[in-house]
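Examination of the molecular architecture
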Amino acid sequence: QVQLVESGGGLVQPGGSLRLSCVASGRGLDSYAIGWFRQAPGNEREGVSCISARGGVNTVYVNSVKGRFTISRDNAKNTVYLQMNSLTPEDTALYYCATMHFFLSQKDQCTLQKAAYNSWGQGTQVTVSS
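As a starting point, this report considers the structure included with it.

Thresholds, definitions, all that
- Residues numbered from 1 in each chain as written.
- Predicted model: local features only at pLDDT ≥ 70, side-chain atom pairs only at ≥ 80, totals over all residues.
- Heavy atoms only, no water.
- Buried < 20%, exposed > 50% of the residue type's maximum accessible area, 1.4 Å probe, protein only.
- Helix = DSSP H or I, 4+ residues; strand = E, 2+ residues; numbered from the N terminus.
- Pairing = 2+ DSSP bridges.
- Salt bridge = Lys/Arg side-chain N within 4 Å of Asp/Glu carboxyl O.
- Phe/Tyr/Trp six-rings, centres within 6.5 Å; stacked < 30°, edge-to-face > 60°.
- Lys NZ or Arg CZ within 6 Å of the ring centre and 35° of its normal.

A short note on the pairing of strand β8 (residues 79–84)
- Taking burial as the measure, the six residues of β8 include five buried ones, the bulk of the element.
- Sheet analysis places strand β3 (residues 18–26) next to β8, joined by six bridges and oriented antiparallel. Considered in β8, the bridge of Val-23 is made with Thr-79.
- With six bridges connecting them, strand β7 (residues 69–74) and β8 associate as antiparallel partners. Paired with Asp-74 across the bridge in β8 is Thr-79.
- Hairpin geometry of β7 and β8 is characterised by an intervening segment of four residues between the two adjacent antiparallel strands and by a positive phi of about 55° at Asn-78.

Some thoughts on unusual backbone geometry
- Even without being a glycine, Asn-78 presents a positive backbone phi close to 55°.
- One can find Asn-78 in the loop between β7 and β8.

Section: the pattern of salt bridges
- Counting across every chain of the model gives four salt bridges.
- Between Arg-38 and Asp-91 there is a salt bridge, with the nearest N and O atoms lying 2.9 Å from each other. Remark: Asp-91 occurs in the loop between β8 and β9 (93–100) and Arg-38 occurs in strand β4 (residues 34–39); sequence separation between them is 53 residues.
- Look at Arg-38 and you get buried, because its relative accessible area is 6%.
- Exposure remark for Asp-91: the relative accessible area of 1% places this residue in the buried category.
- The partner of Arg-68 in a salt bridge is Asp-91, with the nearest N and O atoms 2.8 Å apart. Remark: Asp-91 occurs in the loop between β8 and β9 and Arg-68 occurs in the loop between β6 (59–61) and β7; sequence separation between them is 23 residues. For the pair formed by Arg-68 and Asp-91, the shared burial category is buried.
- Counted as one network, the salt bridges with shared partners bring together Arg-38, Glu-46, Arg-68 and Asp-91.

Section: the packing of aromatic side chains
- Within the structure shown, the criterion is met by five aromatic pairs.
- Judged by centre distance (5.0 Å) and plane angle (80°), the rings of Phe-37 and Tyr-117 are edge-to-face. One end of the pair, Phe-37, is in strand β4; the other, Tyr-117, is in strand β10 (residues 117–120), with 80 residues separating them in the sequence.
- Taking NZ or CZ as reference, Arg-45 lies 3.7 Å from the ring centre of Tyr-96, over its face.
- Between the NZ or CZ atom of Arg-45 and the centre of the ring of Trp-120, over which it lies, the distance is 4.8 Å.

This is the structure we're talking about:
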């Protein structure tokens, strides 16, 4: 079982940047594809980005963040990052990281479908406001 802890959220002005971190304890994070999701009040949780296991050669982004967000992983630190640039108020949400099911993770792919993920962190709040 992998436990995940997110950090790096906060209040930022439009156009600003934040870097979120997802740190894992327990079993090695490198065996899992990792997804970042977000949920704003009144909205469903949506997939933002994901990165495949091990070397992270495959990444996926939701259209609304392409060109602004970058996902990366440092397996030596058991950490996955989400660099968020050019933030807008529409990015305001609680951001979660999650591990994709171990079996699915071995395919060196990832997906933004929530059902593929089975271990979630508690989330970190991102608020974009002037």
